[in-house]
Amino acid sequence: MTPFASPVRDIRFVLEELLEHGSLALPGFEEASPDLVEAVLEEAARLAGEVWAPLNASGDHQGCTRRDDGGVTVPEGFAEAYRAYAEGGWNGIGVSEALGGQGLPEVVASAVQEMLHGANMALGLCPMLTAGAIEALAHHGSDAQKATYLPKLVEGTWTGTMNLTEPQAGSDLSRVRTRALPQEDGSYRLFGQKIYITWGEHDAVENIIHLVLARKPDAPEGNKGISLFLVPKFLVNADGSLGERNDVTCASIEHKLGIHGSPTCTLSFGEGEGAIGYLVGEEGRGLNHMFTMMNEARHKVGIQGIGVAERACQHAFAYALERTQGRSPRSGRSDCTISDHLDVRRMLLSMRARTDALRALALYCAAQLDLARHAADEGERAAAQARVDVLIPVVKAFSTDQAVEIASLGIQVHGGMGFIEETGAAQLLRDARIAPIYEGTNGIQALDLAGRKLQRDGGAALEDLIDQVEATAAALQANSEHAALGESLAGGAADLRAAMAVVLEAGADPESGADAVQAYATPFLNLAGHVLCAWQMGRAALAASAAIANGRDEPGRPDPFYQAKQQSADYAIRQWLPVGRAQRAVIEAGMVSLAAFDAAAQ
């Protein structure tokens, strides 16, 4: 597999020239500086490229092994690579200093996460779930729980999991049946089974902290009867040392299409006297508390998809630049590399432009998270949170759908060799395919956007984003070099505004509104993703032009990076955006065929 190099240059472009390091100006980040951020990115790139990335293919080949004692052995080198990550302090990079973390902005932590997922998605899942557990405990745990568990989770000595799904309860969590029986000492005994638990059992750390959805015996049916419990693999003594093994075991690990290096476990709680657990937050509000963890994870799944897309790009470019075949359309030479062929160039440019656009949007969302958490003005925090609420389902769903397409294009660039496992291109597609499914399928993300988020505020938060898109389109149109880009972007904004009006009007119908939102949700998110990504590339085109005009490159020798950025922006806005704009016609066509369709009659 082609060596992986983290896209530090492009990440710095987004942080420095698009976001202008806005997060560093917020309260709480006074000690951070652009130089510090640059050093963090460079060191993270070294860890990703030298320690994590070389294990990606071997981890895929070896997979995980469940031992006879119920433990799980991860692929060779994974435990050591994880410990190098934890010992370097990377697990707490975005965690506040008050909780023992590095206290850097979310936008920096997200950039580091992308590098690690690009290097090794299967390994990157372990700290990603731990980050969600930290977020949930920090918001909803008791003081005692925070004191006992957060320090170890933040430093990475312990890892965390999220336990929602059961055999009969997939996306419909109201059907959760795991029981939590209260004990006299205030603890609970849990009985039940959870499936698809990422890194639910492994040998990379000394303890695993499971956050589990379960019901008390007297809990009502439905979502209001679900509570959140903390269940450690090893019980923790009063002095912080580890005690006896809890009654939670790995019954099996899944044999999956991809991410073979990540142990996906079926966990059994209470095969004996019951797994000891502790209530987190308020009784009956477990689903609400878990969503704190899930929102964190959903943004990071989008980041994860971008990381895999970046690696697929690098893999495809390396092959296309060395594989010779056919006659060059430019020079006529018969020994040209396939990167000379226009159709291959179309695929490569499509992969690169889309990956850059997705990265810019995901980091913009992370910067809004920083604003929502740290801005001094309450109104500014609320407005940023409203934007985050709209953006997270788009970042999760659109980025992961695009990652699958980009990884598939990477195989196509390789031709027949892409279908052969030894080249490594196939692994990237197999790994990427899970991302549109877990942490809430992309259909659920679309429903969240078109239903809950859009209907909740009448589209106000999205309207604010569209206003910003139109402002960028106007700036492009005022620049003779980019007038055509501005015209196309303005058209995309108009399409999204019109589609939003259709979805809002249809969703307001008391009889058919719920069905209409379901019918329109996926094309609507698809349109929103295309427009918002094109917006970011419009901003990139303006920034690249300004950099060239201001002489940031050598006189007479334009910086290839800025030239490539302008090419990517042109492709994204003029050739990729029209694909998304077609979704307006899909929405305006209505839902007659969907309503009439009967799967049983086919």
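Just so you know, these numbers come straight off a predicted model, no measurement behind them. (Residues numbered from 1 in each chain as written. Predicted model: local features only at pLDDT ≥ 70, side-chain atom pairs only at ≥ 80, totals over all residues. Heavy atoms only, no water.)

K.L.:
Any details on the overall build of the chain? Residues and values, ideally.
P.N.:
Secondary structure assignment for the chain yields 17 helices and twelve strands. Against the globule reference of 25 Å for 602 residues, the chain gives a C-alpha radius of gyration of 24 Å, in line with a compact fold. For the C-alpha atoms alone, the extent of the chain along its principal axes is close to 80 × 60 × 55 Å. Counting over 602 residues, the chain shows a buried share of 56%. Restricting the contact set of the chain to residue pairs at least 6 apart, pairs at least 24 apart contribute 74%. Roughly 23900 Å² of accessible area belongs to the chain as shown, and the carbon and sulfur atoms make up 50% of that amount. (Helix = DSSP H or I, 4+ residues; strand = E, 2+ residues; numbered from the N terminus. Rg over C-alpha atoms; globule rule 2.2 N^0.38 Å. Buried < 20%, exposed > 50% of the residue type's maximum accessible area, 1.4 Å probe, protein only. Contact = heavy atoms within 4.5 Å. Areas by Shrake-Rupley, 256 points an atom, 1.4 Å probe, with all protein chains shown as cover.)

K.L.:
Quick one: what's the story with unusual backbone geometry, residue by residue and with numbers?
P.N.:
A negative phi angle characterises most non-glycine residues, just as the trans form characterises most peptide bonds. A positive phi is found at His21, a non-glycine position, where the angle reads about 50°. Relative accessible area serves as the criterion here: at 16%, His21 is assigned to the buried category. Notably, Glu439 is not glycine yet its phi reads approximately 60°, a positive angle. As for its position among the elements, Glu439 is in the loop between helix H11 (425–432) and helix H12 (442–457).

K.L.:
Talk me through H11; I want residue IDs and the actual numbers.
P.N.:
Along H11, seven of the eight residues are buried, which leaves the element largely enclosed by surrounding structure. The set of residues buried in H11 consists of Ala425, Ala426, Gln427, Leu428, Arg430, Asp431 and Ala432. Its buried side turned inward, H11 meets helix H3 (56–62), helix H6 (121–140), helix H8 (286–322) and helix H10 (378–414).

K.L.:
Give a detailed account of the packing of H10 against helix H15 (residues 513–549), specifying residues and quantitative values.
P.N.:
Between H10 and H15, the shortest axis-to-axis distance is 9 Å and the interhelical angle comes to 90°. Between H10 and H15, the interaxial angle falls into the category roughly perpendicular. Where H10 abuts H15, its residues Leu391, Pro393, Val394, Ala397, Phe398 and Gln402 lie against Leu525, Asn526, Gly529, His530, Leu532 and Cys533. Among the residues making up the contact of H10 with H15, the classes are represented as eight nonpolar, four polar and no charged. (Axes fitted to C-alpha atoms, helices over the stretch in contact; angles between N-to-C directions. Parallel < 35°, antiparallel > 145°, perpendicular 65-115°, else oblique. Nonpolar A, V, L, I, M, F, W, Y, C, P; charged D, E, K, R; others polar.)

K.L.:
Describe the nonpolar core, listing the residues and the values that go with them.
P.N.:
Counting residues in each nonpolar core, the largest one holds 195 residues, and the members touching the most others are Leu190, Leu211, Met290, Val413, Leu462, Leu489 and Phe524. Element by element, the count of residues in this core is highest for H15, at 20 residues. With residues up to four places along the chain from it excluded, the contact list for Val413 reads Ala316, Tyr319, Ala320, Ile338, Val344, Met347, Leu348 and Met351. (Core = buried A, V, L, I, M, F, W, Y, C linked by side-chain atoms within 4.5 Å.)

K.L.:
Report on the pairing of strand E5 (residues 188–198), specifying residues and quantitative values.
P.N.:
For strand E4 (residues 179–182) and E5, the ladder comprises four bridges, and the chain directions are antiparallel. The residue bridging Pro182 from the neighbouring strand is Tyr188, located in E5. Connecting the antiparallel pair E4 and E5 is a turn made up of five residues, with Gly186 showing a positive phi of about 95°. In the sheet, E5 pairs with strand E12 (residues 275–280) via three bridges, with the strands oriented antiparallel. (Pairing = 2+ DSSP bridges.)

K.L.:
Residues and numbers for the side chain of Ser227, please.
P.N.:
Within the secondary structure layout, Ser227 lies in strand E7 (residues 226–232). Here Ser227 falls in the buried class, since its relative accessible area comes to 2%. Polar side-chain contacts of Ser227 include one of 2.8 Å to the backbone nitrogen of Gly284. Apart from residues lying up to four places away in sequence, Ser227 is in contact with Val212, Leu213, Ala214, Leu279, Glu283, Gly284 and Gly286. (Polar contact = N/O pair within 3.5 Å; in protein donor to acceptor, adjacent residues only side chain to side chain.)

K.L.:
Explain the environment of Arg581 to me, and be specific about the residues and the numbers.
P.N.:
With respect to the element layout, Arg581 can be found in helix H16 (residues 560–588). Residue classification places Arg581 among the partly exposed residues on the basis of a relative accessible area of 27%. Here the alpha-carbon distance between Arg581 and Phe524, two residues 57 residues apart in the chain, equals 9.9 Å. Not counting residues up to four positions away in its chain, the partners in contact with Arg581 are Ser488, Gly491, Gly492, Asp495 and Leu527.

K.L.:
For the state of the cysteines, give the residues involved together with the corresponding values.
P.N.:
Note on terminology: a disulfide is the covalent bond linking the sulfur atoms of two cysteines. If you walk through the whole model with that rule in mind, you get zero disulfides. Cys250 provides the cysteine sulfur closest to Cys265, a residue in no disulfide bond, and the two sulfurs are 3.9 Å apart. The thiol of Cys313 is not disulfide-bonded; the next cysteine sulfur, from Cys533, is found 13 Å away. A relative accessible area of 0% means that Cys313 is categorised as buried. (Disulfide = S-S within 2.5 Å.)

K.L.:
Explain the pattern of salt bridges to me, using residue names and the numbers behind them.
P.N.:
In the structure shown here, the tally under the stated rule is 39 salt bridges. In this structure, Glu588 and Arg584 form a salt bridge, with 2.9 Å as the shortest nitrogen-oxygen distance. Highlighted residues: Glu588 and Arg584, both in helix H16, separated by four residues, approximately one helical turn. Since its relative accessible area comes to 45%, Glu588 is described here as partly exposed. (Salt bridge = Lys/Arg side-chain N within 4 Å of Asp/Glu carboxyl O.)

K.L.:
Just give me the short version of the environment of Gly160, but keep the residues and values in it.
P.N.:
Take Gly160: it is sitting in strand E3 (residues 158–163). Separated by 40 residues in sequence, Gly160 and Gly200 have C-alpha atoms that sit 8.2 Å apart.

K.L.:
Would you mind going over the packing of aromatic side chains in detail, with residue names and values included?
P.N.:
In this structure the tally under the stated criterion is nine aromatic pairs. Taken together, a centroid distance of 6.3 Å and an interplanar angle of 65° make the contact between Phe13 and Tyr562 edge-to-face. One end of the pair, Phe13, is in helix H1 (residues 8–18); the other, Tyr562, is in helix H16, and 549 residues separate them in sequence. Each of the two residues, Phe13 as well as Tyr562, counts as buried. (Phe/Tyr/Trp six-rings, centres within 6.5 Å; stacked < 30°, edge-to-face > 60°.)

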